[in-house]
Amino acid sequence: MAHRPLAGIRVLDLTNVLAGPYCTYQLALLGAEVLKVEIPGVGDLARRLGPDPELNDAALGASFLAQNAGKKSVELDLKDDDDRAAFVELVTAADVLVENFRAGVLARIGFSWERLRELNPRLVYCAISGFGQSGPMSQAPAYDQVIQGLSGMMSITGTQETAPLRVGFPISDSLGGLTAALAVTAAIAGRERHGRGSFLDVSMLEASVSAMGWAVSNHLVGGVPPQAMGNQNPTAAPSGTFHAADGPLNIAANRQEQFESLCRCVGRPELVTDPRFATREQRKEHRDALNAELDDALRARPALVWEHELNRVGVPAARILTVPQAVELDQLAHRRFFADVRFPGPATDRRLRLSGTGVLVDGEPMHPVGAPPLLGEHNDELPEITRRWRKPGS
């Protein structure tokens, strides 16, 4: 296996549900040793979230299994003196601490950034929250859909008739987690130069607005508020979802040569010289008419045939798949994107198929090194873990 970039980095994971666990999962896949600190007898709420009631009852909900493979779990009550002392020992030896409590919670139980920095000047402390650690909304509760709505994301998802719509997966949680993982790795690199830790204040709202890119800049720079356009691309035409004989496919003919190749490929070369479609702006103005002409031609053949034919002539196009179809793509198998790990608990033949990072390091995928942990599975190992973490170079 390729060298993992974060090998030797020790992460204290005080996170819960998704944004935080997703961050620390990325760090674990890249080689960090992640120790999940959970409330005794309760653990991460995600342990009880998922479509399988039996797994939820066993504190192994699918939501938990998806984001926690390769981590260790210990139970510590940070209001208990002995457990606080054990936690302090871990903090003094850790490289990174990640939490996603509401702003200020960790400080209120005695572990402010000032206290953490005093215990370990090289610590990278990453606090993920809905709105950041300061500001008029810092104490407001936040879930993914709340952030999606506040960011403006829902207002441009769907059509004029259906918006606002929630994006179909917790994208703001994921963006918050990815932003945090990027910030942590940057802070680790910075520490190698200046020798000091950092306090990283990650806002899911800000991460979401940042990721909206052109939708925000079109308003800020161009003075044009974005509108919900369904499956159409506001920057170009023809670019969006079209209809083949057996179902939909996406086509992105964003450049003039792609438009011309598309028209020839579907047997409608006359569309190239139609004055309504001569330029990008004219095609956008007459988008509905152009889409109707192309749909008529595309209905002659199945989506997969068009995918191959259009890609062959340099026009980006692909079928629209369900999730069960997408995870079986040959491309993902070729890249070894999914990992196969044992199911947590006593010996069993059951296996888990889990997502990777989307990054190959020296040609190798970054897969989890073990199963997701049972709640408190590593309690008995805590003294040894602490001793090892405190030993330089171990």
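Before any of the text, the structure's been laid out above.
Residues numbered from 1 in each chain as written. Predicted model: local features only at pLDDT ≥ 70, side-chain atom pairs only at ≥ 80, totals over all residues. Heavy atoms only, no water.

1. Some points on the layout of surface pockets
Turning to step 1, where the next piece is worked out: Considered as a void within the structure, the second largest pocket measures approximately 380 Å³ in volume.
Turning to step 2, where the next piece is worked out: Along the wall of the second largest pocket there are 17 residues; nearest its centre are Asn 218, Pro 226, Gln 227, Met 229 and Pro 234.
Turning to step 3, where the next piece is worked out: Top element by residues in the lining of the second largest pocket is helix 10 (residues 214-220). It accounts for three residues. (1 Å grid on protein atoms, 1.4 Å probe; cavity = no way out; pocket = protein on both sides within 12 Å on 5 of 7 lines; lining within 4 Å. Points joined across faces, edges and corners; volume = space filled by probe spheres on them. Helix = DSSP H or I, 4+ residues; strand = E, 2+ residues; numbered from the N terminus.)

2. Remarks on the packing of aromatic side chains
Turning to step 1, where the next piece is worked out: By the definition in use, this model includes five aromatic pairs.
Turning to step 2, where the next piece is worked out: Between Trp 113 and Phe 199 the ring centres are 5.9 Å apart and the planes differ by 20 degrees, which places this aromatic pair in the stacked class. On the criterion of sequence distance, the pair formed by Trp 113 in helix 6 (residues 113-119) and Phe 199 in strand 6 (residues 198-203) is long-range, its members being 86 residues apart.
Turning to step 3, where the next piece is worked out: Judged by centre distance (5.1 Å) and plane angle (25 degrees), the rings of Tyr 125 and Phe 199 are stacked. Taken together, the positions of Tyr 125 in strand 5 (residues 124-129) and Phe 199 in strand 6 put the pair 74 residues apart, joining distant regions of the chain.
Turning to step 4, where the next piece is worked out: Residue class for Tyr 125 comes out buried when judged on its relative accessible area of 4%.
Turning to step 5, where the next piece is worked out: On the basis of relative accessibility, which here comes to 33%, the residue Phe 199 falls in the partly exposed class.
Turning to step 6, where the next piece is worked out: When the ring centre of Phe 343 is taken as reference, the NZ or CZ atom of Arg 350 above it lies at 4.3 Å. (Phe/Tyr/Trp six-rings, centres within 6.5 Å; stacked < 30°, edge-to-face > 60°. Buried < 20%, exposed > 50% of the residue type's maximum accessible area, 1.4 Å probe, protein only. Lys NZ or Arg CZ within 6 Å of the ring centre and 35° of its normal.)

3. Concerning the packing of helix 1 (residues 19-29) against helix 8 (residues 171-194)
Turning to step 1, where the next piece is worked out: At a minimum axis separation of 7 Å, helix 1 and helix 8 run at an interaxial angle of 45 degrees. In this view, helix 1 runs oblique relative to helix 8, as classed from their interaxial angle. For helix 1 against helix 8, the interelement crossing comes out right-handed. Note on element contacts: helix 8 touches helix 1 through Asp 173, Ser 174, Gly 177, Leu 178, Ala 180, Ala 181, Val 184 and Thr 185, opposite Ala 19, Tyr 22, Cys 23, Gln 26 and Leu 27.
Turning to step 2, where the next piece is worked out: Of the residues that constitute the contact of helix 1 with helix 8, the class distribution is eight nonpolar, four polar and one charged. (Axes fitted to C-alpha atoms, helices over the stretch in contact; angles between N-to-C directions. Parallel < 35°, antiparallel > 145°, perpendicular 65-115°, else oblique. Left-handed = near helix turned anticlockwise from the far one by under 90°. Contact = heavy atoms within 4.5 Å. Nonpolar A, V, L, I, M, F, W, Y, C, P; charged D, E, K, R; others polar.)

4. Notes on the sheet that holds strand 2 (residues 33-38)
Turning to step 1, where the next piece is worked out: Across the sheet, which stays open at both edges, the six strands sit in the order 3-2-1-4-5-6 with parallel pairing between neighbours. The open sheet is flanked by strand 3 (72-75) and strand 6, the only strands paired with a single partner. Geometrically, the sheet is characterised by an average inter-axis angle of 20 degrees between neighbouring strands, direction not taken into account.
Turning to step 2, where the next piece is worked out: Here helix 8 sits on the sheet and contacts strand 4 (96-99), strand 5 and strand 6; the angle it forms with strand 6, its principal contact strand, is near 165 degrees. (Pairing = 2+ DSSP bridges.)

Shape is all these values report; function is a separate question.
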